[in-house]
Amino acid sequence: MALQANEKHPYQPGTCYTLTKEDVSNYDDLYDYDVWADMVKITGDTPNCVIGFNVSDAPNVIAMNVKTNEAVSAFCSNYHINKEVPSMIKSTLGGNPEDIIVSVSPFMHLYPWITDSIGVMPPWMSNQAVWADTIESSQGSFLLINQKKALLRQLTASGILENHIIMGEDSFFRIDQYYSTRRAQITGDNSQDGRFMHGVLLRDANGSYSDDFEGKSYIKRI
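Please read these numbers as outputs of a predicted model, since none were measured by experiment.

**Comments concerning a negative patch on the surface**
Part 1 of the argument: A contiguous patch of negative charge, built from Asp28, Asp29, Asp32 and Asp34, is present on the exposed surface.
Part 2 of the argument: Looking at where Asp29 falls in the secondary structure, it is placed in the loop between helix H1 (21-26) and strand S2 (39-42).
Part 3 of the argument: Given a relative accessible area of 40%, Asp29 falls into the partly exposed group.

**Some points on the sheet that holds strand S8 (residues 135-139)**
Part 1 of the argument: The three strands are arranged S7-S9-S8 in an open sheet whose pairing can be described as antiparallel. With one partner strand each, in any of the chains shown, strand S7 (110-114) and S8 form the two edges of the open sheet. Strand after strand, the sheet turns through a mean of 10° between neighbouring axes, direction not considered.
Part 2 of the argument: Pairing of S8 with strand S9 (residues 142-146), which is carried by four bridges, proceeds in the antiparallel orientation. Looking at the pairing, Ser138 lines up with Leu143 of S9.
Part 3 of the argument: Lying on the sheet, helix H4 (residues 147-157) is in contact with S7 and S9; it crosses S9 at an angle near 30°.

**Overview of the sheet that holds strand S1 (residues 16-18)**
Part 1 of the argument: In space, the six strands of this open sheet follow the order S1-S2-S5-S4-S6-S10, with mixed pairing throughout. Every interior strand has two partners, whereas the edge strands, S1 and strand S10 (165-166), have only one.
Part 2 of the argument: In terms of strand pairing, S2 meets strand S5 (residues 70-75) through four bridges, oriented antiparallel. Opposite Val40, over in S5, you have Ser73 as the bridge partner.

**Some thoughts on the side chain of Ser158**
Part 1 of the argument: Here Ser158 lies in the loop between H4 and S10.
Part 2 of the argument: What makes Ser158 buried here is its relative accessible area of 15%.
Part 3 of the argument: Leaving out residues up to four positions away in the same chain, Ser158 has contacts with Ser87 and Lys90.

Quick notes on the rules
Sequence order as written defines the numbering, with residues in each chain counted from 1. The predicted origin of the model limits local features to residues at a pLDDT of at least 70 and limits the giving and counting of side-chain atom pairs to 80 or more, whereas totals for whole chains, interfaces and linings rest on all residues. With hydrogens and water excluded, all non-hydrogen atoms of the structure serve as input to the side-chain values. Patches in this entry comprise residues that are over 30% relatively accessible and not in a salt bridge; like charges within 9 Å are linked, as are nonpolar side chains (Val, Leu, Ile, Met, Phe, Trp, Tyr) within 5 Å. Exposure was quantified through the Shrake-Rupley algorithm and a 1.4 Å probe, taking into account, for residues, occlusion by the shown protein chains and nothing else. Here, a salt bridge means any Lys or Arg side-chain nitrogen found within 4 Å of an Asp or Glu carboxyl oxygen. Working convention for charge: Lys and Arg count positive, Asp and Glu count negative, and His plus the chain ends are omitted. In plain terms, the charge of a residue is placed at NZ if it is Lys, CZ if Arg, CG if Asp and CD if Glu. Under the DSSP-based scheme used, a helix requires at least four consecutive residues in state H or I and a strand at least two consecutive residues in state E, with every element numbered from the N terminus. Throughout, exposure labels follow a simple rule: accessible area from a 1.4 Å probe, protein chains only, divided by the maximum for the residue type, with under 20% read as buried, over 50% as exposed, and the rest as partly exposed. In this scheme, strands are said to pair when DSSP sees at least two bridges between them. Between the N-to-C directions of two axes lies an angle of 0 to 180 degrees, each axis being a line fitted to C-alpha atoms and, for a helix, fitted only over the stretch in contact. Any pair of residues with heavy atoms lying within 4.5 Å of one another is described as a contacting pair.

Quick look at the structure:
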């Protein structure tokens, strides 16, 4: 799971780290391996490893090329969408774009933004081209912003086929199934605050990578 950029560990938006055999041999648990990047990639050189992200309201995007046996996991919060990280995911995978399939974790499709001052936009909403036509509702100091629309637009514009994108359901309204930090903030119920894991494992039934490649993603509430 990649760590996000900060003042001590800056990087260019869209940075991808490819897991190596040495990484696997040096760490008993890759969860403890600190990698500062927007994306982590696995290939046929690192079988039986899982990449992913602990999410709540923001989507994690897993893209897999079923012909080249590669997969990349990219956490795409509204800050990352604003920096156009989703549009860079395709370029991290080899092969043809039509062989790429995408799994998007459950996430908050419509983000409620509440401010004390009318007209004040979220700090992560500075790229006007990214957020064009995404405000579904605007009532006084309340905005409802369509994260799903902004995310999908970048993925398809990069060349990924829309019918190859499996979009996760809206986690905000599934109180019985998914945690939501934003929902906890709005309702004041801290028991709803938490994370769930969205990840991928590249697996072949014969123990080697071939045309029998099977790409699977999983979702687990933790």
